[in-house]
Amino acid sequence: MLRREVLLSLGAVLVLSACADTMGGATLGPDGKPLPQVYKIREADVGRIQLRMTDSVNALRQARGLTPLALNAELNAAAATHSRDMSVQNRPWHFGSDGSSPIQRAQRVGYPGTLLGELISETYETELETLAAWMADPDTRAIVLQPDARNMGFALYQEKSGKIWWTMLTGS
């Protein structure tokens, strides 16, 4: 009888541990839902993240009959500079620590077109969660879906804590 109880207990432990493994090692909060995990970005992932964001933006634009955006090196550079600068300032806002505007930053990197918009975010979320948040707000959604836009820049800066500063620029 004791042997049977031990075997049943061992079986229950194995079943529960198998269930825990399907959660990917996630820790559950008091509400029973998985706690957020830090989205760690390796340098080698940055290019793939930029392409995934461009593809996602273009899928949203295509669904509305809009021209797709091309990822632009100059706008990427301006976005990268601003993402790092927001981290230094420790606040998400559209002005650089030197007082520069998004238009001035695009001009500094040699962008030949007209800057149409800038989206920023301070978060621990992925780029797709950030895009979803931008699409949920009418003002930021209008920048993603700007009919005249033809180019985009997208960059990030991640602090050691895991906090990510995202910047997206659109231009004609």
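It should be emphasised that the depicted structure is a prediction, and the values quoted were computed from it without experimental measurement.

(A) The arrangement of the pairing of strand β2 (residues 115-123) in detail. Burial within β2 is extensive, with seven of its nine residues counted as buried. In this sheet, strand β4 (residues 164-171) lies alongside β2 in antiparallel orientation, the contact comprising eight bridges. When the sheet's bridge partners are listed, E122 is paired in β4 with W165.

(B) Summary view of the nonpolar core. Ranked by internal contacts, the top residues of the largest apolar core, which has 19 residues, are V57, W134, V144, F154, W166 and M168. Mapped onto this core, the elements with two or more residues apiece are α2 (46-63), α5 (127-136), α6 (138-144), β3 (151-158) and β4. L75, A78, A79 and A155 belong to the second-largest nonpolar core, a separate cluster that totals eight residues.

(C) Up close: the sheet that holds β3. The sheet built from four strands is open, its strands ordered β1-β3-β4-β2 with mixed pairing. Bordering the open sheet on either side are β1 (70-71) and β2, each of which pairs with just one other strand. Bridge count for β1 against β3 is two bridges, and the pairing is parallel. The residue of β3 that forms the bridge with A70 is N151. Contacting β1, β3 and β4, α2 crosses the sheet at an angle of about 135 degrees to β3. In this fold helix α3 (residues 73-89) packs onto β1, β2, β3 and β4, with an angle of close to 30 degrees to the strand it touches most, β3.

(D) Just the packing of α2 against α5, in detail. Their axes nearest at 10 Å, the elements α2 and α5 cross at an angle of 30 degrees. Here α2 lies roughly parallel to α5, going by the angle between them. Crossing hand, α2 versus α5: right-handed. From α2, I49, R52, M53, S56, V57 and L60 reach across to α5, where they touch E127, L128, L131, W134 and M135. For the contact of α2 with α5, the class distribution of residues is eight nonpolar, one polar and two charged.

(E) Expanded view of the packing of aromatic side chains. A full pass over the atoms with the stated rule returns two aromatic pairs. Taking 5.5 Å as the distance between ring centres and 65 degrees as the angle between the ring planes, the aromatic pair formed by W93 and F95 counts as edge-to-face. Judged by its relative accessible area of 29%, W93 is partly exposed. On the basis of an interplanar angle of 15 degrees and a centroid distance of 5.4 Å, the ring pair of F154 and W166 is categorised as stacked. Taken together, the residues span a long stretch of sequence, with F154 in strand β3 and W166 in strand β4 at a distance of twelve residues. By the burial criterion, F154 is buried, and W166 matches it.

So, how was this worked out
- Residues numbered from 1 in each chain as written.
- Predicted model: local features only at pLDDT ≥ 70, side-chain atom pairs only at ≥ 80, totals over all residues.
- Heavy atoms only, no water.
- Buried < 20%, exposed > 50% of the residue type's maximum accessible area, 1.4 Å probe, protein only.
- Helix = DSSP H or I, 4+ residues; strand = E, 2+ residues; numbered from the N terminus.
- Pairing = 2+ DSSP bridges.
- Core = buried A, V, L, I, M, F, W, Y, C linked by side-chain atoms within 4.5 Å.
- Contact = heavy atoms within 4.5 Å.
- Axes fitted to C-alpha atoms, helices over the stretch in contact; angles between N-to-C directions.
- Parallel < 35°, antiparallel > 145°, perpendicular 65-115°, else oblique.
- Left-handed = near helix turned anticlockwise from the far one by under 90°.
- Nonpolar A, V, L, I, M, F, W, Y, C, P; charged D, E, K, R; others polar.
- Phe/Tyr/Trp six-rings, centres within 6.5 Å; stacked < 30°, edge-to-face > 60°.

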